[in-house]
Structure formats: structure tokens, C-alpha cells
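Here are the chains, one letter per residue:
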Amino acid sequence: ESVERGGYRHFMLKEIHEQPAAVAETLEGRHADGRVLEAAFGPGAEQLLDQAERLQIVACGTSYHAGLIARFWAETYAGLPCDVEVASEFRYRAHAVTPGTLVVVISQSGETADVLAALRESRRLGYAGVLAICNVPESSLVREADLTLLTRAGPEIGVASTKAFTTQLTALLLLVAAFARRRGRPQSEQELVRAAVQLPGALERAVAVEAQVAELAEQFVDRAHALFLGRGAHYPVALEGSLKLKEISYIHAEAYPAGELKHGPLALVDDGMPVVAVAPRDDLLDKLQSNLQEVRARGGRLFVFADDAAALRSTGGYQVLPVPAGPDPISPVIHTVPLQLLAYHVAVLRGTDVDKPRNLAKSVTVE
Ligand code: G6P
């Protein structure tokens, strides 16, 4: 097993470091001259994508968080209405189906029971078709979907998903770019494809912040709780960061959209509560900073993962971790990596079984 880990202490760390290459692999042969090559989606893709007026994304766990980010991309860059739901809810509720709604199922394994059941339920309900984003070509999900866009992350061993997530986001960027073109936004298609091409380099730079993150991790070791904040497409990044931390370090972590702080979680903030903020340089930065002031005023310990172009500086009670800048569409993907590293290093310091956290399975094939 130590040979398979390629010199890394854990599979999770190896998989975090594999992300630049896995994303490059997922992009390979799927775009040319700023355009998406739709042959990647399989035979019959054009007709099915042409008919889609709306997306319904369905997934579980980390794959669900990828869907939440894709919703921002679909509505921002393609003007395509998009809903996202966890599979275990989707499969058991009544649906008012809007005609022309394409279901997009996202699953690393392609064997998650709730996702497969949701796919089958969507057929019964009369959704327009199913596109799968999946990492396992021979999986049940790929067999049952109409179209598939494979992520090429390679086998993911660590139970906490890392490279599967960033390759799912890469595939979703390509999908949204294809819709942008269809919906008369060729410039958005170009913007997305050009940003996607920068991902491997940007992720390489993001992984390189590891030493700084490892140092920061020491301040989380003896904490019982942590709060993660983000806004817009970076709120799902906060959700994913908090999920990683709770999965492998067993620290109770919650994520909130930063603007909701005053509607509840602020009551929990005191000098024992680390608050992680995902703070990219976008037009919500000012608003986020005023949310952060509220945390500071109550003695909360702030850890701000900020785009290095935002040039925020550490002060007392406010620590800034600079995250390499990148174009807007890929900023959520870049900001994910330091949070994966934070969860990893906190878990290592706490001595948990990082690759096989208690009570969790890599693939949940029963309900
Ligand atoms: C389990 C895993 C998670 C994963 C989720 C969905 O809970 O521990 O890491 O995100 O299942 O798995 P899938 O294979 O459908 O993406």
C-alpha cells in the first residue's frame, strides 16, 4: 500500500496533489480554439442539449457541492435556469416538472444508491433526459444515463473526496460553456473555456500553499467547533471546506452564507470559535468584510482565505491566507484546495484515520 501512496503519507494527500494533472486530463481533447467539442458528451448529445431549457442537478455529498457551484455558472454564464437537490430528497418528493428540463446527475462512483434511484425516478416523472458526470466508466450510472461526461480523476481511494470534486467542476465548466454557446453567448463560452484551460496551473499554485496551511492547522487542533463563511459561488466552497473538516478531523463544522451570520450563528461566536472565511476578490468582498467585522467584534478568531490579488493583510485576531488569483469562473475551484489541505492537516495533527474516517464509506450503495 505504501508503494501505491507514491511516497505520500496518505492517499488523501496524494490525491490533493494529483489535482492539477487530473484536471488537465479531464480537459484533454474536449476543447479547441476557445470552444467545447461536444463529441465528448457522447452520441446524440447535440439534440438532447438543444432541447434543454433548464437543468435539474441531483447528487450527494461532495458531488452535491459541485452541483451548487455549477448552478452559479449555469445562470451567470449561460442564462440557463438551474436547480440543485440532494438525491435522497429528490427521489421522495412530488415534482412539478418544467418541460425541457435536463437532469444532470453527478457522482464519483456512479453507484450511490440514492443517485441511481433519483435517475430512475426522473425517467418516470418525464424529465427530458439524463446526463451523468461520473468518474467510473463502467458504473451503473453511466450505463443508465443518456449522455455521459467522464471525469478522468483516476481511482480515488481516500473516503473524503478531493480530486473527484475538482474534476467534476472541470466537467461542469465545459457543460455550461456548451450551453452558453447554444444560448447565444459565444463570448461566455470562450471566457469559460479560457478559464478552464488555466485550471491546472492555478491548482498547482494552490497546492503550493500547503506549508502555510499546515501551520494554520495547529490553531484548529484543540477546537470543538468551526464556522465556515462564503458568499455566492464561494458559499458552496465553504460548505465543502466544512464537510472535509468534519469528515476527517471530527471537529463539528458548519458553513453559512456570510450574510446569514446575523440570523443565528453569530450567537455561537466567542474567542473559542475559529471562523474560516472564503474571500475572493469579487464584488461581494466589501460585503463579506463587513460580515467579518461582526465576527471580530465578538472576539471570534478569523482565518481569511483571500485571493492574493485582494491584498488583505493579517492583523491581530485576523489571519489572512493568500490564495493564488485566477479568473472569476475558476475562483471557486482554486479556493477549494487550501480548505482540503486545512482539513487534512488538522486531521493528521488529531491523529485520526484520514483515509478511512470512522462510520463513513467511500461509496454508499445502500439506502
Ligand atoms: C459518500 C462519500 C463522499 C461522496 C458521497 C457521494 O458519502 O464518502 O465522499 O461525496 O458518498 O458519492 P458519489 O460517488 O455519488 O460522488
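The structure displayed is predicted, hence computed values, not measured ones.

Colleague: Which residues make up the pairing of strand β8 (residues 225-230), and what values go with them?
Modeller: When you tally the buried positions in β8, you get 5 out of 6 residues, the bulk of the element. In this structure, β8 lies alongside strand β9 (residues 252-257), joined through 6 bridges in parallel fashion. Across the sheet, the residue bridging to L227 is E254, located in β9. The parallel pair β8 and β9, bridged by helix α12 (residues 235-249), forms a crossover whose chirality is right-handed.

Colleague: Lay out the packing of helix α2 (residues 19-27) against helix α10 (residues 199-207) in plain terms, naming residues and giving numbers.
Modeller: Contact pair α2 / α10: the axes reach a minimum separation of 8 Å and the direction vectors enclose 170°. Classified by the interaxial angle, the pair formed by α2 and α10 is roughly antiparallel. From α2, Q19, P20, V23 and A24 reach across to α10, where they touch L199, P200, L203, E204 and V207. Here the residues of the contact of α2 with α10 are counted per class, giving 7 nonpolar, 1 polar and 1 charged.

Colleague: Break down the site of the ligand for me, with residues and values.
Modeller: The ligand sits among 16 residues. The nearest are G61, T62, S107, S109 and T112. In terms of residues, the shell around the ligand owes the most to one element, helix α4 (residues 61-77), which gives 3 residues. Of the residues assigned to the shell around the ligand, the class counts are 6 nonpolar, 9 polar and 1 charged.

Colleague: Outline the nonpolar core, listing residues and values.
Modeller: The biggest cluster of nonpolar side chains holds 126 residues, and the ones touching the most others in it are V105, V176 and A277. No other element matches helix α8 (residues 163-182), which puts 13 residues into this core. Here V105 is in contact with V58, A59, V115, A118, L119, V130, A132, L141 and A145, once residues within four sequence places are set aside.

Colleague: Provide a residue-level description of the sheet that holds strand β10 (residues 274-279), including the pertinent values.
Modeller: The 5 strands lie next to each other as β9-β8-β10-β11-β12, forming an open sheet whose pairing is parallel. On the outer flanks of this sheet lie β9 and β12 (318-323), each paired with one strand and no other. Between one strand axis and the next, the sheet turns by 20° as a mean value, whatever way the strands run.

Parameters at a glance
Residues numbered from 1 in each chain as written. Predicted model: local features only at pLDDT ≥ 70, side-chain atom pairs only at ≥ 80, totals over all residues. Buried ≥ 20, exposed ≤ 12 C-beta atoms within 10 Å, placed from the backbone. Helix = DSSP H or I, 4+ residues; strand = E, 2+ residues; numbered from the N terminus. Pairing = 2+ DSSP bridges. Right-handed = clockwise from strand over helix to strand, strands pointing away. Axes fitted to C-alpha atoms, helices over the stretch in contact; angles between N-to-C directions. Parallel < 35°, antiparallel > 145°, perpendicular 65-115°, else oblique. Contact = placed C-beta atoms within 7 Å. Nonpolar A, V, L, I, M, F, W, Y, C, P; charged D, E, K, R; others polar. Near = placed C-beta within 6 Å. Core = buried A, V, L, I, M, F, W, Y, C linked by C-beta atoms within 7 Å.

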